[in-house]
Amino acid sequence: MKNLEAIADIRSGKRIVANAAWWGFDPEDATVGLQAAIDSGAKRVVVPNMYSDWVIQPIKLVGNQELIFERGTVITAKRGEYRGRGDSMFTAQDVENLNIRGYGATFRMWKQDYINGLVLEQFGWHRWYGQYPKAEWRMTLSIRGSKNIHVSGLTLKDSGGDGIYVDGSTERRASENVVLRDLICDNHYRQGISVISVENLKVENCTFSNTWGTPPASGVDIEPDKIEQQIKNVVFSGCKFVDNVGDGIEVFLAHTSDASDDVTLRFENCYISSKHGTGIRVSKIGDNGPGGSIEFDNCTVENTVGYGIKVQEKSLKGARVTFTDCKVIHAASDRQFGGEWSPISLSLPKPELVQTMGGIDFINCFVEDNRERPAIEFIQPESDFPLYDITGTITVLHPNGVCAELGKDSEKLPLIVREYQ
């Protein structure tokens, strides 16, 4: 039942804190009430734990608001809805100054429904909702062209796309000043998080796990779609990327060029492990690619099925890639996973994009391995180019000593691969 007096107080400005249940709670479909609370003009909206899910159709978020989900609150996508290929649970489109907080609260969708279609059993009979249009953009939280956005404490799971999507819009080419903290993104269809275009993004103490369904199926995918999009001042700190089918961390810059803004991207104190997939991949920084820096500081890759670190088609002329105090421990455990990968793989599958591969630092890095293979290897099946400017020190713990295969003129590289003492 609606609380008309409290709603009137919000509209008049007498109150600035609203309870979403004032607009009515329908356990079958709570969309109208929740959207009305968000649109009410309240500076703070509290979504209470009703001990029954808030079942919703897509919700549009607004700016200049704090949206608080109480501990134990579950927001669930309504089954049979979200048929639009880009229908997302919550979308922040061209808004500013939004703070979403939900420690102990959960947003969940119905990933398997979007893959297989949906049959619901009601009152002893079956209702067939039919096949969903195939799509990979049904996000749990979509942030587009928005500024000053803080999201903390939530668990986001089971989407038909990404747990979180961060991009620009027609109004603003990049989202700006986004903070994501203490989040869990689990069992998403495409990515735990996709970062397309943003300036000033901090992702702190978040976990991205169990992504599977459609490629790339990564924990995080940093992937601008257009030359004018930007990855500027992006930092992931203290995050975990666990049991994703694709890469734990993927940086893919095929759609950028030297006309793009410099990339400034950093991962610090992060952990990557997977019994299904791979570790860190940085790829497609061509000879005409963007400048800047991509840094990994004190990151650990452990017990991955595929490679631990892979740098693929990375030009000396593009953004410098640096690994500092990073560890690769018992990576590439499956011989059948994309061939016999080394723990660290430098790869140039085709030379059309890059003919001067290099510009990579391994500063005080460590590899522990027990298989008969190089700790680091350069693979280029269709060319015979040398590597350029691969620097640093990699210490290797291996029962049979140290092996590195870095191709033509490798003795000229300022890289030391040494045995652990």
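**Q** Looking at this structure, I do not really get the pattern of salt bridges. What am I missing?
**A** Any two side chains of opposite charge can pair, so long as their charged atoms come close to each other. Under the criterion given, the structure shown has 25 salt bridges. Put simply, Lys78 and Asp29 hold a salt bridge, and the shortest N to O gap is 3.0 Å. Residue Lys78 is found in the loop between β6 (74-77) and β7 (90-93), and its partner Asp29 is found in the loop between β1 (17-19) and α2 (31-38); the two are separated by 49 residues along the sequence. The partner of Glu66 in a salt bridge is Arg101, with the nearest N and O atoms 3.1 Å apart. Of this pair, Glu66 sits in strand β5 (residues 65-69) while Arg101 sits in strand β8 (residues 96-101), and the two are 35 residues apart along the sequence. By relative accessible area, Glu66 is classed as buried at 16%. Under the relative-accessibility criterion, Arg101 is labelled partly exposed at 33%. Beyond isolated ion pairs, a larger network of salt bridges with shared partners links Glu96, Lys147, Arg172 and Glu176.

**Q** What's the story with the pairing of strand β21 (residues 218-222) in this structure? I'm lost.
**A** Moving residue by residue along a regular strand, the side chains alternate between the two faces of the sheet. Counting buried positions over the five residues of β21 gives five, a clear majority of the element. Of the pairings in the sheet, the one linking strand β18 (residues 191-195) to β21 comprises four bridges and is parallel in character. Bridging from a neighbouring strand, Ser194 pairs with Asp221 of β21. Pairing analysis gives three bridges linking β21 to strand β24 (residues 247-252), with the strands arranged parallel. Pairing of Ile222 across the sheet is with Val251, part of β24.

**Q** It is not clear to me how the nonpolar core should be interpreted in this structure. Could you clarify?
**A** Soluble globular proteins tend to bury their nonpolar side chains together. Of all hydrophobic cores here, the largest spans 102 residues; its most connected members are Phe90, Phe236, Phe267, Ile294, Phe296, Phe323 and Phe362. In contact with Phe362, not counting residues within four places along its chain, are Phe323, Ile344, Leu346, Ile376, Ile390, Thr391, Gly392, Thr393, Ile394 and Leu415.

**Q** Which parts of the structure should I look at to understand the sheet that holds β18?
**A** Backbone hydrogen bonds hold the strands of a sheet together, and the pairing may be parallel or antiparallel. If you trace the twelve strands from one edge of the open sheet to the other, you get β4-β7-β12-β15-β18-β21-β24-β27-β30-β33-β35-β37, paired in parallel fashion. Only two strands of the sheet have a single neighbouring strand rather than two, namely β4 (59-60) and β37 (404-405). Bridge count between strand β12 (residues 141-144) and strand β15 (residues 162-167): four bridges; the pairing is parallel. Within β15, the residue paired with Arg144 across the bridge is Asp167.

**Q** Just checking my understanding: could you explain the pairing of strand β35 (residues 376-379) for this structure?
**A** Where strand β33 (residues 344-347) and β35 come together, four bridges link them in parallel fashion. Directly across from Leu346, in β35, lies its bridge partner Phe378. By the bridge criterion, two bridges tie β35 to β37 in an arrangement that is parallel. Within the sheet, the bridge partner assigned to Glu377 lies in β37 and is Glu405.

**Q** Teacher, can you tell me more about unusual backbone geometry here?
**A** Apart from glycine, the bulk of residues carry a negative phi angle, and the bulk of peptide bonds sit in the trans form. Looking along the chain, the bond that leaves Pro215 and enters Pro216 is cis, with omega of 5°. Relative to the elements of secondary structure, Pro216 occurs in the loop between β20 (207-209) and β21. For Asn97, which is not glycine, the phi torsion reads 60° and is therefore positive. Inspection of the secondary structure assignment puts Asn97 in strand β8. We note that Asn298 has phi near 55°; this positive angle belongs to a residue other than glycine. Relative accessible area serves as the criterion here: at 33%, Asn298 is assigned to the partly exposed category.

**Q** What am I meant to see in the confidence of the model for the protein chain here?
**A** Do not read the fine detail of predicted coordinates wherever pLDDT is low. Confidence in the prediction of the protein chain, expressed as mean pLDDT, is 94, and 95% of residues score 70 or more. Of the regions scoring below 50 in pLDDT, residues 119-126 engages in ten contacts with residues more than four places distant in sequence or in other chains.

**Q** In this structure, what is going on with the environment of Lys134? I would like to understand it.
**A** Among the secondary structure elements, Lys134 is positioned in the loop between β11 (125-130) and β12. Residues Lys134 and Gly84 lie 50 residues apart in sequence; the distance between their C-alpha atoms is 9.6 Å. Contact partners of Lys134, with chain neighbours within four places excluded, come to Arg85 and Tyr189.

**Q** What is the right way to read the layout of surface pockets from this model?
**A** To locate leftover empty space, one rolls a probe as large as a water molecule over the atoms. Empty space within the second largest pocket amounts to approximately 150 Å³. Around the second largest pocket sit Arg144, Asp167, Gly168, Ser169, Arg173, Lys226, Glu228 and Gln229, which together line it. Taken together, the residues of the lining of the second largest pocket break down into no nonpolar, three polar and five charged.

**Q** Before we go on, may I ask you to explain the packing of aromatic side chains in this structure?
**A** For any pair of aromatic rings, geometry is given as the distance between the ring centres together with the angle between the planes. One pass over the structure, following the stated rule, counts 16 aromatic pairs. With centroids separated by 4.8 Å and ring planes inclined at 65°, the aromatic side chains of Phe25 and Trp54 adopt a geometry described as edge-to-face. With Phe25 in the loop between β1 and α2 and Trp54 in strand β3 (residues 54-56), the pair connects residues that are 29 residues apart, well separated along the chain. Under the relative-accessibility criterion, Trp54 is labelled buried at 0%. Ring geometry for Phe296 against Phe323: centres 4.9 Å apart, planes inclined by 10°, an arrangement best described as stacked.

Definitions and cut-offs
Residues numbered from 1 in each chain as written. Predicted model: local features only at pLDDT ≥ 70, side-chain atom pairs only at ≥ 80, totals over all residues. Heavy atoms only, no water. Salt bridge = Lys/Arg side-chain N within 4 Å of Asp/Glu carboxyl O. Helix = DSSP H or I, 4+ residues; strand = E, 2+ residues; numbered from the N terminus. Buried < 20%, exposed > 50% of the residue type's maximum accessible area, 1.4 Å probe, protein only. Pairing = 2+ DSSP bridges. Core = buried A, V, L, I, M, F, W, Y, C linked by side-chain atoms within 4.5 Å. Contact = heavy atoms within 4.5 Å. pLDDT = per-residue confidence, 0-100. 1 Å grid on protein atoms, 1.4 Å probe; cavity = no way out; pocket = protein on both sides within 12 Å on 5 of 7 lines; lining within 4 Å. Points joined across faces, edges and corners; volume = space filled by probe spheres on them. Nonpolar A, V, L, I, M, F, W, Y, C, P; charged D, E, K, R; others polar. Phe/Tyr/Trp six-rings, centres within 6.5 Å; stacked < 30°, edge-to-face > 60°.

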